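# Notes for the structure review
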Amino acid sequence: MTSTFDVAIIGGGINGSSIAYQLSKRGRQVVLIEKNQLACEASSAAAGMLAAQAEIEQDGPLFQLALKSQAMFRELASELYETTGIDIEFVQKGIIKIAETDAIAEEIKKQVTFQQNWDPDIKWLNAHELHELEPSLSPDLPGGMYLPNDGHVMPAALSKAFAKAAIHFGAEILENTEVLSFLYEQERVIGVKTTFGDIHCHQVVLATGAWAAQLLQETGIGITVYPVKGECFSVKPETPIIERTIFSDKRCYFVPKRNGEIYIGATQVENTFDKNVTLEGIAALAERAIQLVPQIKDARWERVWAGVRPQTGDGLPYIGEHPFKKGLFMAAGHYRNGILLSPVTGKLVAGLLEGHPDEHLLSSFRIDRNNKMVH
Ligand SMILES: Cc1cc2nc3c(=O)[nH]c(=O)nc-3n(C[C@H](O)[C@H](O)[C@H](O)COP(=O)(O)OP(=O)(O)OC[C@H]3O[C@@H](n4cnc5c(N)ncnc54)[C@H](O)[C@@H]3O)c2cc1C
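Since this is a predicted model, take the numbers as computed values, not measurements.

What follows covers unusual backbone geometry. Here the bond from Gly265 into Ala266 is cis, since omega is -15°, no more than 30 degrees from zero. Mapped onto the secondary structure, Ala266 falls in the loop between strand E14 (262–265) and strand E15 (269–270). One non-glycine residue, Asn176, lies in the positive phi region at around 50°. Looking at the secondary structure, you find Asn176 in the loop between strand E6 (172–174) and strand E7 (179–185). We note that Gln186 has phi near 55°; this positive angle belongs to a residue other than glycine. In this fold, Gln186 is placed in the loop between E7 and strand E8 (188–194). Residue Gln186 is classed as exposed on the basis of its relative accessible area, which comes to 75%.

Let us look at the nonpolar core. Core analysis: the biggest nonpolar cluster contains 52 residues, and Ile9, Leu80, Ile88 and Leu158 have the highest contact counts within it. Ranked by residue count, the leading element in this core is helix H11 (residues 338–353), at nine residues. Among all residues touching Ile9, those that are not within four sequence positions of it are Gly16, Ile19, Ala20, Leu23, Val30, Val31, Leu32, Ile33, Val205 and Ala207. Listed in part, the 26 residues of the second largest apolar core include Val189, Val204, Val225 and Tyr318.

What follows covers the side chain of Glu231. Here Glu231 shows up in strand E11 (residues 225–236). For the buried residue Glu231, which engages in no salt bridge, the nearest side chain bearing the opposite charge is Lys229, 4.2 Å off. A distance of 2.7 Å separates the side chain of Glu231 from the side chain of Thr267, its partner in a polar contact. There is a polar contact of 2.7 Å between the side chain of Glu231 and the backbone nitrogen of Thr278. Excluding residues that lie within four positions of it along the chain, Glu231 makes contacts with Gly265, Ala266, Thr267, Val269, Asn276, Val277, Thr278, Gly281, Ile282, Leu285, Trp305 and Ala306.

Moving on: the site of the ligand. Near the ligand lie 40 residues; those nearest to it are Glu34, Ser43, Tyr335, Arg336 and Leu340. Interatomic distance of 3.1 Å between a backbone N/O atom of Gly48 and an oxygen atom of the ligand. Between Met49 and the ligand, the recorded distance is 2.9 Å, taken from a backbone N or O atom to an oxygen atom. Taken by itself the ligand offers 1,000 Å² of open surface, and the protein chains cover 98% of this.

A grouping of Val277, Trp301 and Val304 is seen on the molecular surface, where their side chains present a nonpolar patch of about 250 Å² in accessible area. Here Val277 is to be found in the loop between E15 and helix H10 (279–292). Look at Val277 and you get partly exposed, because its relative accessible area is 31%.

The next thing to look at is the layout of surface pockets. One number sums up the size of the second largest pocket: a volume of about 280 Å³. Lining the second largest pocket we find 17 residues, and of these Gln53, Gln70, Ala71, Asp119 and Asn149 sit closest to its centre. At the level of elements, helix H4 (61–70) and helix H5 (73–84) are the ones that each hand at least two residues to the lining of the second largest pocket. Of the residues contributing to the lining of the second largest pocket, the split by class is nine nonpolar, five polar and three charged.

Turning next to the packing of helix H8 (residues 155–168) against H11. Contact geometry for H8 and H11: axes closest at 11 Å, N-to-C directions at 20°. Taken together, H8 and H11 sit at an angle that is classed as roughly parallel. Of the two possible hands of crossing, H8 and H11 adopt the one that is left-handed. Residues Pro155, Leu158 and Phe162 of H8 form the contact with H11, whose participating residues are Ile339, Ser342 and Pro343.

Moving on to the environment of Pro323. Locating Pro323 in the fold gives a position in the loop between strand E17 (318–321) and strand E18 (328–332). Judged by its relative accessible area of 34%, Pro323 falls in the partly exposed class. With 102 residues separating them in the primary sequence, Pro323 and Ile221 have C-alpha atoms 9.0 Å apart. Residues in contact with Pro323, not counting those within four places in the same chain, are Ile221, Ile367 and Asp368.

Summed over the entire model, instances satisfying the criterion amount to 20 salt bridges. The shortest N-O distance in the salt bridge between Lys25 and Glu79 comes to 3.2 Å. With Lys25 in helix H1 (residues 14–25) and Glu79 in helix H5, this residue pair connects regions lying 54 residues apart in the sequence. By relative accessible area, Glu79 is classed as partly exposed at 24%. A salt bridge links Glu354 to Arg28; the nearest nitrogen and oxygen atoms lie 3.2 Å apart. With Glu354 in the loop between H11 and helix H12 (359–362) and Arg28 in the loop between H1 and strand E2 (30–33), the pair connects residues that are 326 residues apart, well separated along the chain.

Calculation notes
- Residues numbered from 1 in each chain as written.
- Predicted model: local features only at pLDDT ≥ 70, side-chain atom pairs only at ≥ 80, totals over all residues.
- Heavy atoms only, no water.
- Helix = DSSP H or I, 4+ residues; strand = E, 2+ residues; numbered from the N terminus.
- Buried < 20%, exposed > 50% of the residue type's maximum accessible area, 1.4 Å probe, protein only.
- Core = buried A, V, L, I, M, F, W, Y, C linked by side-chain atoms within 4.5 Å.
- Contact = heavy atoms within 4.5 Å.
- Lys, Arg positive; Asp, Glu negative; His and termini not counted.
- Salt bridge = Lys/Arg side-chain N within 4 Å of Asp/Glu carboxyl O.
- Polar contact = N/O pair within 3.5 Å; in protein donor to acceptor, adjacent residues only side chain to side chain.
- Near = heavy atom within 4 Å.
- Areas by Shrake-Rupley, 256 points an atom, 1.4 Å probe, with all protein chains shown as cover.
- Patch = residues over 30% accessible without salt bridge, like charges linked within 9 Å, V, L, I, M, F, W, Y side chains within 5 Å.
- 1 Å grid on protein atoms, 1.4 Å probe; cavity = no way out; pocket = protein on both sides within 12 Å on 5 of 7 lines; lining within 4 Å.
- Points joined across faces, edges and corners; volume = space filled by probe spheres on them.
- Nonpolar A, V, L, I, M, F, W, Y, C, P; charged D, E, K, R; others polar.
- Axes fitted to C-alpha atoms, helices over the stretch in contact; angles between N-to-C directions.
- Parallel < 35°, antiparallel > 145°, perpendicular 65-115°, else oblique.
- Left-handed = near helix turned anticlockwise from the far one by under 90°.

Geometric descriptors of this kind do not, in isolation, establish any biological role.
Shown next, in the form of structure tokens:
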């Protein structure tokens, strides 16, 4: 192993791997350090929606970041396939954000007008049009917003493709290696202390998802990053029953994958790192799923899983440089949209480390935007 790296990235989830890819492609000597296995946490639990406009309902820095990242997927999918042979299963058949009541329909119609500013193809579907497009949806639904250009990917495949592409460009990957603390020379970070010894480098990126606050605490900064558990299940109907992603609200959506499986998510349980799947969570999700797509009750059961989303105090990710520890950077707290945001996160962090930050995009995601000094 190289003894001194240009950059050590802590956390082998989708964001750490995307950053490793972008930096190694630019010729930097990178080591990616993961305490368990690559993509073993949120990055393999996600449904993989790229739902910038279904998830985010108002303009602002997160919305703009999400749109920018969403637009990168088509090219990224072929770039990663050419470099690694991994197909991230990018599907762009659209999302329908359904209304369950007339009152919600009125709210969503206002959303259509707003969202058309960014994509004129977005439109409102009345009940008849909705059922023509997706006949398996409950006949009780009054309509929905159709986002024809939206899509989804396989999150674990994307995460592994980023890592494999990084290896292709010379990155080293250390799994089963936990970073315990930072190494300093005065106020500069010069490496990390791990369970297998010290690793020296010129720059460090903290990309540890829901675990990000712990290591940062020792640097004298207190930020709020906390876990929000999400439980999901999947089924496989004998023949496809929905073609597009169906998004009811943040607690119930259906994502039809290329292999015929439908991912159905997800519960929201705050402040727990426990990834056990509960009968209560899955039963409530299944009940709603059958109400919205009645035919789903006959589909073959496939599997259940859970993961931990990294939420922050103000709902925005932290992407930036440490305010007073030189050489230390962070990219964590992507909450419900870390798969969607991973391409742009990799590029932004690479630019930042190379000394040409995109100040305009990054300014709202600074580490010191609302933190407390802890000593
Ligand atoms: C049920 C569910 C559904 C979701 N659906 C979507 C979706 O449809 N679309 C979307 O865009 N997003 C979705 N998300 C959110 C998305 O999964 C996350 O935002 C994203 O995976 C976060 O990636 P990350 O790389 O920042 O963190 P993680 O994937 O959590 O990776 C962080 C890594 O850091 C490692 N680590 C922690 N501490 C250390 C240490 N000290 N040393 C070394 N390694 C360490 C961990 O082991 C972990 O592997 C969903 C999440 C869940 C749970």
